[in-house]
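# Observations on chain architecture
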Amino acid sequence: MEKHSKIYIAGHRGMVGSAILRKLQKEGYKNFVLKTSKELDLRNQEAVLAFFAVEKPDYVFLAAAKVGGIVANNTYRADFLYENLAIQNSIIHASYLNDVKKLMFLGSSCIYPKLAPQPLKEEYLLTGLLEQTNEPYAIAKIAGIKMCEAYRAQYGCDFISVMPTNLYGPNDNYDLQNSHVLPAMIRKFHEAKEKGVKEVILWGSGSPMREFLHADDLAAACIYLMDNYSEAELINVGTGVDVTIKELANTVKDIVGFEGEIIWDSSKPDGTPRKLMDVSKLHSKGWKHTIDLSDGITLAYQDFLDNHANLRL
């Protein structure tokens, strides 16, 4: 990318998109085309085609998606499938029609089979059954990967797919009805501390293992890959290090300063037993993360205090 290149970030107000925008701005890029969901409904293919025909972006970061945790994924199964497919279809096809130089599609580690060998290698895609609770979202993301591959094969488009591990950071979602595990823990422990509650109930057994990457690290990886990666195969982005949910909870508890007890509700689902990304391919391309988990959670909690602590259901 050149500093004057016109860059479209789909989903620029979300956690991932906003992190990419901040990083690009910090590096001196200034020519952005940005639209909120109210200004441009990405599910509306006609509107997206018209937008691309007028703006003609050079580079596209496809970070827009309907996202959520286990509850949201399992409750709104049709919405997660339909809306994500519609967004992807509109943007990928419009990018082809309008000669976008390069598009990056951002997926999710949930694309891999529930019981795939660990760590998760890129070639494990479509080798087994998906985790049932987020299958619709995973299927949509797999379709996006295959669209990028197909447009590359048929039309020669430089469309690449990046699969991040579990993310957290500024502009995360702290709504307990549809947030992911780490921001939900931050909010639960914070509100328990503020109210003087003596215990916090968390879902599951605490035994599943998860890997977490700060959104600012993902943004750095995305920009690096946009400049240095042009292969058909998807590429994982993560830390290559995971922790149990119980270990995560204890770390968040300590950083927030909650002094009560953690109660594990084993009647609730755990989800996939383990999701650790194999990032050897990413490392071989010359990029590694820089923010460790404890420091990252400290940054995330400060963002919560600054921007989200007044949330109430």
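Residues numbered from 1 in each chain as written. Predicted model: local features only at pLDDT ≥ 70, side-chain atom pairs only at ≥ 80, totals over all residues. Heavy atoms only, no water.

The protein chain goes by GDP-L-fucose synthase in an unreviewed UniProt entry, where it is assigned to Arcicella lustrica. Check the Sequence similarities (unreviewed entry) section of the UniProt entry for the protein chain; it says "Belongs to the NAD(P)-dependent epimerase/dehydratase family. Fucose synthase subfamily." The UniProt entry for the protein chain carries the following comment under Function (unreviewed entry): "Catalyzes the two-step NADP-dependent conversion of GDP-4-dehydro-6-deoxy-D-mannose to GDP-fucose, involving an epimerase and a reductase reaction." (UniProt positions renumbered as here; feature names shortened; annotations may be inferred.)

This next bit is on helix 4 (residues 77-97). In a regular helix each residue adds 1.5 Å, so 21 residues correspond to 30 Å; helix 4 covers 30 Å between its end C-alpha atoms and thus fits that length. Looking only at helix 4, the buried set comprises F80, E83, N84, A86, I87, Q88, S90, I91, I92, A94 and S95. Downstream of helix 4 by one or two residues, D99 has phi in the positive range, about 55°. (Helix = DSSP H or I, 4+ residues; strand = E, 2+ residues; numbered from the N terminus. Expected span 1.5 Å × (residues − 1). Buried < 20%, exposed > 50% of the residue type's maximum accessible area, 1.4 Å probe, protein only.)

Let's shift gears to the packing of aromatic side chains. Per the counting criterion, the structure on display carries 11 aromatic pairs. Aromatic pair Y8 and F52: ring centres 5.7 Å apart, planes at 90°, arrangement edge-to-face. Of the two residues, Y8 is situated in strand 1 (residues 7-10) and F52 in helix 2 (residues 45-55); the sequence distance between them amounts to 44 residues. The pair formed by Y8 and F52 is uniform in burial state, with each residue classed as buried. (Phe/Tyr/Trp six-rings, centres within 6.5 Å; stacked < 30°, edge-to-face > 60°.)

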